Amino acid sequence: MAGRPVAVQGEVSATAGQKPFEGADSGNWKAGAAAETASGTLSLDGAFVLHGASCTFTFNGKVGQSPVAGSSTVELKPTTDKLLADGTGVLLDGDAAQDTYGNTLKASASGRLHMF
C-alpha cells in the first residue's frame, strides 16, 4: 500500500475565501505569503520536507459606504504522526486547513520518500 506524497518547500498554496469579514457586506480577501516550517534534516530531491505552514489573509471591504478591514491567520499542521522528521510530523499531499471565511492553506505534493 503506497502512502501519500510528502510535502516539501514550495508545495503549500493559499486560496482566498469568499465570505466577508464580520460586519462587511462586500469586499475581498487577499492571501499573504505562506510561511513554511521546514525540517532541518530530511529532504527530498533537494528540498526540505515541511512540518507546517501558516498564512495571514487580509480583508478590505465595506458596509454601506464605511470601510471594513480585517485579517485571519490559517495554520496548516500535519494530519498524521506516523511519519516524523526531527521528531515532528510532516505535511502530506492533501493536508489542508481552512478558517470560517473559506481562506485555505493546502499541501499539494508529488514526491515520495523511498526506504532503501
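Analysis parameters
- Residues numbered from 1 in each chain as written.
- Predicted model: local features only at pLDDT ≥ 70, side-chain atom pairs only at ≥ 80, totals over all residues.
- Heavy atoms only, no water.
- Helix = DSSP H or I, 4+ residues; strand = E, 2+ residues; numbered from the N terminus.
- Buried < 20%, exposed > 50% of the residue type's maximum accessible area, 1.4 Å probe, protein only.
- Contact = heavy atoms within 4.5 Å.
- Phe/Tyr/Trp six-rings, centres within 6.5 Å; stacked < 30°, edge-to-face > 60°.

Novice: I'd love a proper account of unusual backbone geometry, names of residues and values included.
Specialist: The phi angle at D45 is positive, at roughly 55 degrees, despite the residue not being glycine. In this structure, D45 sits in the loop between β3 (35–44) and β4 (47–63). Its identity as a non-glycine residue notwithstanding, D86 has a phi of 60 degrees, on the positive side. You can see D86 is positioned in the loop between β6 (84–85) and β7 (88–89). You can call D86 partly exposed: its relative accessible area is 43%.

Novice: Explain the side chain of D95 to me, and be specific about the residues and the numbers.
Specialist: With respect to the helices, strands and loops of the structure, D95 is situated in the loop between β7 and β8 (96–98). Accessibility expressed as a relative area gives 1% for D95, which makes it buried. Apart from residues no more than four positions distant in its own chain, D95 is found in contact with R4, L76, K77, P78, T79, V90, L105, K106 and A107.

Novice: An account of the packing of aromatic side chains is requested, with residue identities and associated values reported.
Specialist: Given two aromatic rings, one states the distance between the centres and the angle between the planes to describe the pair. Across all of its chains, the model carries 5 aromatic pairs by this definition. Residues F21 and W29 carry aromatic rings whose centres are separated by 6.1 Å and whose planes lie at 70 degrees to one another, so their mutual orientation is edge-to-face. With 5.7 Å between their ring centres and 35 degrees between their planes, F21 and Y101 make a pair best called tilted. Residue F21 is found in the loop between β1 (12–15) and β2 (26–31), and its partner Y101 is found in the loop between β8 and β9 (104–107); the two are separated by 80 residues along the sequence. Assigned by exposure class, F21 and Y101 land together as buried. An aromatic cluster of three or more residues is present, and its members are F21, W29, F59 and Y101.

Functional significance is not addressed by these values, which are geometric in nature.
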